[in-house]
Amino acid sequence: MATDATAAAQQFYGRWADLYDLLASATPGLGRLRARAADALALAPGDAVVEMGCGTGANLPHLRERVGPDGRVVGVDFTRGMLDRARERVDREGWRNVHLVQADAASVGFREPPDAILATFVVGMLADPAATVDRWADALAPGGRLALLDAAQSRRWFGWPVNRAFRGLVVASSPTGTDGYAAAPWTVLDDRVATARTALRERATETTHGEYAAGIVRLTAGRVE
Ligand SMILES: C[S@@+](CC[C@H](N)C(=O)[O-])C[C@H]1O[C@@H](n2cnc3c(N)ncnc32)[C@H](O)[C@@H]1O
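Residues numbered from 1 in each chain as written. Predicted model: local features only at pLDDT ≥ 70, side-chain atom pairs only at ≥ 80, totals over all residues. Heavy atoms only, no water.

Peer 1: Please explain the packing of helix 3 (residues 30-40) against helix 4 (residues 60-67) as it appears in this structure.
Peer 2: A pair of packed helices can be characterised by two numbers: the angle between their axes and the separation between those axes. The N-to-C vectors of helix 3 and helix 4 enclose an angle of 40°; their axes lie 9 Å apart at closest approach. In terms of orientation, helix 3 and helix 4 fall into the oblique class. You can see that helix 3 and helix 4 cross each other, and the crossing is right-handed. Of the residues in helix 4, those touching helix 3 at G31, R34, A35, A38 and D39 are H62, L63 and R66. The class makeup of the residues in the contact of helix 3 with helix 4 is three nonpolar, two polar and three charged. (Axes fitted to C-alpha atoms, helices over the stretch in contact; angles between N-to-C directions. Helix = DSSP H or I, 4+ residues; strand = E, 2+ residues; numbered from the N terminus. Parallel < 35°, antiparallel > 145°, perpendicular 65-115°, else oblique. Left-handed = near helix turned anticlockwise from the far one by under 90°. Contact = heavy atoms within 4.5 Å. Nonpolar A, V, L, I, M, F, W, Y, C, P; charged D, E, K, R; others polar.)

Peer 1: Before we go on, may I ask you to explain the site of the ligand in this structure?
Peer 2: Taken together, 21 residues lie near the ligand, and G53, D77, T79, A105 and T120 sit nearest. Within the side chain of R34, one N or O atom sits 2.8 Å away from an oxygen atom of the ligand. One of the backbone N or O atoms of G53 is found 2.7 Å from a nitrogen atom in the ligand. Compared with its free state, where it exposes 590 Å², the ligand has 96% of that area covered by protein. (Near = heavy atom within 4 Å. Polar contact = N/O pair within 3.5 Å; in protein donor to acceptor, adjacent residues only side chain to side chain. Areas by Shrake-Rupley, 256 points an atom, 1.4 Å probe, with all protein chains shown as cover.)

Peer 1: Just checking my understanding: could you explain helix 7 (residues 160-172) for this structure?
Peer 2: Every α-helical turn comprises 3.6 residues, leaving residues that sit three or four positions apart pointing alike. The first and last C-alpha atoms of helix 7 sit 19 Å apart over 13 residues, in line with the 18 Å expected at 1.5 Å per residue. All buried positions along helix 7 are accounted for by N163, F166 and V170. Viewed end-on, helix 7 has its buried residues packed into an arc of 60°, placing them on one side of the element. Those residues of helix 7 that are exposed and angled more than 90 degrees off the buried face are R164, A165, L169 and A172. Among the structural elements, strand 5 (144-151) and helix 8 (185-203) are those in contact with the buried residues of helix 7. (Expected span 1.5 Å × (residues − 1). Buried < 20%, exposed > 50% of the residue type's maximum accessible area, 1.4 Å probe, protein only. Arc of directions from axis to C-beta.)

Peer 1: I tried to follow the side chain of T120 on my own but got confused; where do I start?
Peer 2: Relative to the helices and strands, T120 is located in strand 4 (residues 116-120). One polar contact links T120 to N59, side chain to side chain, over a distance of 2.8 Å. Contacts of T120, omitting those with residues within four sequence positions, involve R34, E51, M52, G53, N59 and L149.

Peer 1: Hey, could you run me through a nonpolar patch on the surface in this one?
Peer 2: On the surface, W16, L19, L22 and L23 cluster together to form a nonpolar patch covering roughly 400 Å² of accessible area. Within the secondary structure, L22 sits in helix 2 (residues 17-26). Residue classification places L22 among the exposed residues on the basis of a relative accessible area of 56%. (Patch = residues over 30% accessible without salt bridge, like charges linked within 9 Å, V, L, I, M, F, W, Y side chains within 5 Å. Salt bridge = Lys/Arg side-chain N within 4 Å of Asp/Glu carboxyl O.)

Peer 1: Explanation requested: the sheet that holds strand 3 (residues 98-102) in the structure shown.
Peer 2: Neighbouring strands of a sheet are bound in pairs by backbone hydrogen bonds; such pairs are parallel or else antiparallel. In space, the seven strands of this open sheet follow the order 3-2-1-4-5-7-6, with mixed pairing throughout. With one partner strand each, in any of the chains shown, strand 3 and strand 6 (204-212) form the two edges of the open sheet. Pairwise comparison of adjacent strand axes, ignoring direction, gives a mean angle of 15° for this sheet. Each of strand 5, strand 6 and strand 7 (217-224) is contacted by helix 8, which is oriented at about 25° to strand 7, the strand it contacts most. (Pairing = 2+ DSSP bridges.)

Peer 1: Explanation requested: the pattern of salt bridges in the structure shown.
Peer 2: Where charged atoms from two side chains of opposite charge approach closely, those side chains can pair. Under the defined criterion, the tally for this structure stands at 12 salt bridges. A salt bridge links D18 to R85, with the shortest nitrogen-to-oxygen separation between them at 2.4 Å. Remark: R85 occurs in helix 5 (residues 80-93) and D18 occurs in helix 2; sequence separation between them is 67 residues. Between R203 and D134 there is a salt bridge whose closest N-O contact spans 3.0 Å. Pair noted here: R203 is in helix 8 and D134 is in helix 6 (residues 129-139), with a separation of 69 residues, a long-range link. By relative accessible area, which is 28% here, R203 ends up partly exposed.

Peer 1: Any chance you could explain the packing of aromatic side chains here in plain terms?
Peer 2: By convention here, two paired aromatic rings are described through the distance between centres and the angle between planes. One pass over the full model with this rule turns up three aromatic pairs. Judged by centre distance (5.2 Å) and plane angle (85°), the ring pair of F12 and Y13 falls under edge-to-face. On the basis of an interplanar angle of 90° and a centroid distance of 5.4 Å, the ring pair of W157 and F158 is categorised as edge-to-face. Taking the relative accessible area as the measure of exposure, W157 reaches 76% and is therefore exposed. Aromatic rings pair up to connect F12, Y13 and Y20 into one cluster. In this structure, R167 packs its charged tip against the face of W186, placed 5.7 Å from the ring centre. (Phe/Tyr/Trp six-rings, centres within 6.5 Å; stacked < 30°, edge-to-face > 60°. Lys NZ or Arg CZ within 6 Å of the ring centre and 35° of its normal.)

Take a look at the structure:
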């Protein structure tokens, strides 16, 4: 049964899927960050990659390009409206090896372990990011790679004006606004993003970390044995 938070997220993203798609695809600089996240997976032609919380599919071209026609890309999301936009993209491009699945990324399982898992702007929405990152690490093929791309408050000394704007954006893009959180939503987001990274570092070797856009965006990736 869906929790209140899940139902609120599905309703929110279902309603705003078109606008989200525009922002996800056209925000200046975001395409480059998506390319970096895909690069961090070190994909090879023929690989199988899963994107958790794929939304409207803005990462799919980057993943499909790297695994080629003989690889496999699976996008998982629990919001039907977001997946519908992703489906339009897949149909438009005629990608036969890109599959979309409506499921909870925190519990979805795979028959064949994927070579890589990507989650962009998703772990901040997970109730238990550490346990979910652990599950994703367990699901990977040996030596598989996991990459997380997220936004959180900047830790740079000059970050405060950026953080002020960021906090407004977090409230505007939060499915429940400021309701339903024990702390401010940006604090919850910061904590979840940090917790997910700690979990990834505990499971992975060859970990890399980069910060972009005045420290607001962070990309962490590693290899799981
Ligand atoms: C901020 S959007 C990011 C979409 C996409 N990854 C991107 O970079 O544009 C978050 C997406 O994650 C999905 N999502 C959040 N929690 C999820 C979960 N537990 N299982 C599946 N999808 C989830 C939402 O439905 C939404 O489409």
